[in-house]
Amino acid sequence: MYAKLAFRNICRSLRDYIIYFITITLTIALMYSFLALGFSDDIIAMSENMSMLTSGILILSFLIAFMASFVVKYAIRFMLGQRKKEFALYELMGMEVKTISNLFLIENTIIGCGALLFGSIVGTLLSGVLNQVVKNIFETPHTYHISFSFQAWGITVVLFILMYGFGIFHAAKVIRRRKVVELLYDNRKNEEYRFKTIKKSILVVLISTAAMILGVVLLAQGLQIQTNAAILYIGGSCLFLLIGVYELHRQLPALLYQFAKRAPHKKYKAENLFFLGQIGRRIQSAGRTMAIVAILLTISLVTMFIGLSMGASYKANMEVYYPYDVGVAIDAPLTKSSMDDVIAFVDQRCEVEDSVTYYLYDVPNEAIEALSLSDYNHLRQMLGFSPVSMGSNQYLIHCDTWNYLDDIEQALEQQSEIIVNDRTLTPIKTPILTEPMEQYQMAGTNGYVLVLPDETAQQLSGNKIRLAMKLNGESYSELKGEIQRFLNSDDWLPDIQAGYEPTERITLGVTVKAWGVANSLTGFTAISFCGLYLSIIFIILSCAVLAFEQLSAIDKNRKNYEIIGLLGVSKEKQASLIRKEISTMFFIPLLFPLFLTVLLIASTQVLFGEVILQKGLILLYGFVTILLFCAIYLTYFGATMFLFKKVILRSDIR
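Computed from a prediction, not measured in an experiment: that's the story for all the values here.

## Considerations on the overall build of the chain
So, step 1. Regarding its fold elements, the chain presents 23 helices and nine strands.
So, step 2. Looking at the chain as a whole, 50% of its 654 residues qualify as buried.
So, step 3. A total of about 32,100 Å² of accessible surface is found on the chain, and carbon and sulfur atoms cover 60% of it.

Encoded structure:
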């Protein structure tokens, strides 16, 4: 009997369960699909560092389960609120409280298991799409195929039980503690709505606006700082922004409502008095929820945009980080002939088309290294750039790191002449060149390098030796490890330059473009997919909370709309008021998140647009972020609107 009763209750309360079912299904689908991606053998085998994607998704899944447990608790509390009278009647008819609790548990178990099953099916289909996307990023041949991961599904089930059990436990506790009279008359309690005075509201709005402006300023400063102090600036920025967003969304709607009530010519026009009454009650009762939703949406949009644009930018700029097919950097005064064995070792595995062995010279009393012009032009030729010519008393600076360019330009404006070994040098016509040459290891170690005439450079100390190679054909990722093992083996016996003593510890680095590209794509994949995973889930959970908050007021609103119906307001006009009311409540939490996202997109384009090799990439992923967000948000908005009309206006308005 209880099983039949539970099934009948589910059918009868279907409208209360629709958004709940959709939210749990989407959460399970995304959780399983991303976990399946992280545990896929094909994906893990693509790169030796692909485990970072698995670890990131696994950590985020536990975080998401924790966050989702509160939404499940919120949703179950909403459903309990809709069925208080029903449970009170069961108790009056002699049903034990434990039985009522078990009945509600059976209903939610049926709904939860259905969402788990349907979400797993959707997630299996989605995992095939994600698998294809990753393989497309790595430019690996692929076809869409469906596969089921028992490992990913097992973790999904465990996380589902944890987040679902938390909500069910809370519901059972509420049912046991409530008295019959409270269940019967709880929805008839009078609610008092008190707003702050206009002066206090204006003060809070101004302070919260100032906090957000300060947060933006701190963020801009933090992005320009190269030390650990940047963490403090960015942390302070996030704190001020979140506090500002919360207080602004808490007070601004109430302030606008109070101003609207003070305009009699608008207040008493048509049905505005009824609309203002509805909005006033909703703002006061749901203001805190909408403010929290605004914070979650802000975090979601920013995370999604940063994840997508940062990962794509990293991929677009791979040529900057790995311009040479093979590079060997050793911070020791070795002879150039010492690198011949390294070239021969690589040539046995991949044909070496061209190579150059050169020194990075120390410039006396200056925090900059130097390259000789002939070595510099050889590197340029290897990378496909045109050679540079200069006089015997000239120099140039190569800097492919954008954040140093302004300081270098200012220094040249103040003092263009430099003295090296008692020789005064002047800059060439174009004193700064910026082609990508990798200037943190190969063509310099600080992001820039001084290029000098050969006779001037060769008078300096060459304490760091470099080897760059161009291969004839493709290399392979494992070549990096092979070169490193050779350099650390007894098979390689380097010679020290005359006049230098051997050092016990030598810093060496090896770069191989094939390895770098594969692992850069790994970083891109991890950043993009983890950001996408977290942000989409946050948007879904935020929209679910917002929808439940609107639906929780259905019973009271139905009575209000029945009254204005008796007063002669047509069904069409009531439908218009409902659209206006729900649209307002869904628009309020969007007030700052969308503004901040658009501002962030524009600022990123201005600051970093020229640095990224692919034109328009930031704007493209900014558009994708807003488009994806709008698709999810409008889905929940449409579902809430449909249910609201369905209940309040019955079948008269479709």
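## A closer look at a negative patch on the surface
So, step 1. A contiguous patch of negative charge on the surface is contributed by Asp-406, Asp-407, Glu-409 and Glu-413.
So, step 2. Checked against the element boundaries, Glu-409 lands in helix α16 (residues 402-414).
So, step 3. Since its relative accessible area comes to 40%, Glu-409 is described here as partly exposed.

## Notes on helix α15 (residues 373-383)
So, step 1. The element α15 is largely enclosed, with a buried count of eight among its eleven residues.
So, step 2. Burial in α15 covers these residues: Leu-373, Asp-375, Tyr-376, Asn-377, Leu-379, Arg-380, Met-382 and Leu-383.
So, step 3. Immediately beyond the C-terminal end of α15, within one or two residues, lies Gly-384, with a positive phi of roughly 85 degrees.

## Let's talk about the packing of aromatic side chains
So, step 1. The final tally for this structure, using the stated rule, is 13 aromatic pairs.
So, step 2. Ring plane angle 85 degrees and centroid distance 5.1 Å describe the contact between Phe-66 and Phe-70, whose orientation is recorded as edge-to-face. In this pair, Phe-66 and Phe-70 both sit in helix α4 (residues 51-82), four residues apart, roughly one turn of the helix.
So, step 3. You can call Phe-70 partly exposed: its relative accessible area is 40%.
So, step 4. Taken together, the ring pairs in this structure connect Tyr-32, Phe-148, Phe-150 and Trp-153 into an aromatic cluster.
So, step 5. Taking NZ or CZ as reference, Arg-349 lies 3.7 Å from the ring centre of Phe-345, over its face.

## Concerning the nonpolar core
So, step 1. Core analysis: the largest hydrophobic core is formed by 112 residues, its most contacted members being Tyr-20, Leu-53 and Tyr-533.
So, step 2. Looking at this core element by element, the count peaks at 21 residues for helix α19 (residues 513-551).
So, step 3. Residues in contact with Tyr-533, not counting those within four places in the same chain, are Leu-30, Met-31, Phe-34, Ile-57, Leu-60, Ser-61 and Ile-64.

## Structural notes on the packing of helix α10 (residues 229-261) against helix α22 (residues 591-608)
So, step 1. For the pair α10 and α22, interaxial distance at closest approach is 9 Å and the crossing angle is 140 degrees. Between α10 and α22, the angle is such that the two are oblique. Where α10 approaches α22, its residues Leu-241, Val-245, His-249 and Leu-252 are matched on the opposing element by Leu-591, Phe-592 and Pro-593.
So, step 2. Residues that form the contact of α10 with α22 fall into these classes: six nonpolar, one polar and no charged.

## Here's the deal with the environment of Ala-544
So, step 1. Topologically, Ala-544 is positioned in helix α19.
So, step 2. The sequence separation of Ala-544 and Ala-75 amounts to 469 residues, and the corresponding C-alpha distance is 8.3 Å.
So, step 3. Contacts of Ala-544, omitting those with residues within four sequence positions, involve Thr-23, Val-71 and Tyr-636.

## Quick look at the pairing of strand β4 (residues 394-398)
So, step 1. For β4, the buried fraction is high: four of the five residues fall into the buried class.
So, step 2. Across three bridges, the pairing between β4 and strand β7 (residues 449-452) is antiparallel. For His-398, the partnering residue across the bridge sits in β7 and is Val-449.

## As for the packing of helix α21 (residues 571-587) against helix α23 (residues 617-648)
So, step 1. Their axes nearest at 10 Å, the elements α21 and α23 cross at an angle of 145 degrees. When you trace α21 past α23, the crossing you get is right-handed. Here Ala-575, Ile-578, Arg-579, Glu-581, Ile-582, Ser-583 and Phe-586 of α21 lie close against α23, whose contacting residues are Tyr-633, Tyr-636, Phe-637, Thr-640, Met-641, Phe-644, Lys-645 and Ile-648.
So, step 2. Of the residues contributing to the contact of α21 with α23, the split by class is ten nonpolar, two polar and three charged.

## Overview of the sheet that holds strand β8 (residues 461-471)
So, step 1. Judged by pairing direction, the sheet is mixed, and its nine strands sit side by side in the order β5-β6-β4-β7-β3-β2-β8-β1-β9 without closing on themselves. Each edge of the sheet is formed by a strand with only one pairing partner; in this case those strands are β5 (418-420) and β9 (507-512). Along the sheet, successive strands turn relative to each other by an average axial angle of 30 degrees, direction set aside.
So, step 2. Sheet topology note: the strand β1 (residues 326-331)/β9 ladder contains six bridges and is antiparallel. Looking at β9, one finds that Val-326 is bridged to Val-512.

## Quick notes on the pattern of salt bridges
So, step 1. Going through the model one piece at a time under the given rule, you end up with six salt bridges.
So, step 2. Ionic pairing is found between Lys-470 and Glu-353, a salt bridge with its closest N-O pair at 3.8 Å. Of this pair, Lys-470 sits in strand β8 while Glu-353 sits in strand β2 (residues 352-362), and the two are 117 residues apart along the sequence.
So, step 3. Judged by relative accessible area, which is 48%, Glu-353 ranks as partly exposed.

## What about α21?
So, step 1. The end-to-end C-alpha distance of α21, which contains 17 residues, comes to 24 Å, matching closely the 24 Å that a straight helix rising 1.5 Å per residue would cover.
So, step 2. Among the residues of α21, Gln-574, Ala-575, Leu-577, Ile-578, Glu-581, Ile-582, Met-585 and Phe-586 are the ones counted as buried. Seen along its axis, α21 keeps its buried residues to an arc of 160 degrees; they face one direction. Summarising the geometry of α21, the exposed residues directed more than 90 degrees from the buried face are Glu-572 and Phe-587.

## Digging into the side chain of Thr-511
So, step 1. Within the secondary structure, Thr-511 sits in strand β9.
So, step 2. Given the relative accessible area of 17%, Thr-511 is considered buried.
So, step 3. Every residue in contact with Thr-511, bar those within four places of it in the chain, is listed here: Asp-325, Val-326, Gly-327 and Gln-441.

What counts, and where the lines are drawn
- Residues numbered from 1 in each chain as written.
- Predicted model: local features only at pLDDT ≥ 70, side-chain atom pairs only at ≥ 80, totals over all residues.
- Heavy atoms only, no water.
- Helix = DSSP H or I, 4+ residues; strand = E, 2+ residues; numbered from the N terminus.
- Buried < 20%, exposed > 50% of the residue type's maximum accessible area, 1.4 Å probe, protein only.
- Areas by Shrake-Rupley, 256 points an atom, 1.4 Å probe, with all protein chains shown as cover.
- Patch = residues over 30% accessible without salt bridge, like charges linked within 9 Å, V, L, I, M, F, W, Y side chains within 5 Å.
- Salt bridge = Lys/Arg side-chain N within 4 Å of Asp/Glu carboxyl O.
- Lys, Arg positive; Asp, Glu negative; His and termini not counted.
- Charge placed at Lys NZ, Arg CZ, Asp CG, Glu CD.
- Phe/Tyr/Trp six-rings, centres within 6.5 Å; stacked < 30°, edge-to-face > 60°.
- Lys NZ or Arg CZ within 6 Å of the ring centre and 35° of its normal.
- Core = buried A, V, L, I, M, F, W, Y, C linked by side-chain atoms within 4.5 Å.
- Contact = heavy atoms within 4.5 Å.
- Axes fitted to C-alpha atoms, helices over the stretch in contact; angles between N-to-C directions.
- Parallel < 35°, antiparallel > 145°, perpendicular 65-115°, else oblique.
- Nonpolar A, V, L, I, M, F, W, Y, C, P; charged D, E, K, R; others polar.
- Pairing = 2+ DSSP bridges.
- Left-handed = near helix turned anticlockwise from the far one by under 90°.
- Expected span 1.5 Å × (residues − 1).
- Arc of directions from axis to C-beta.

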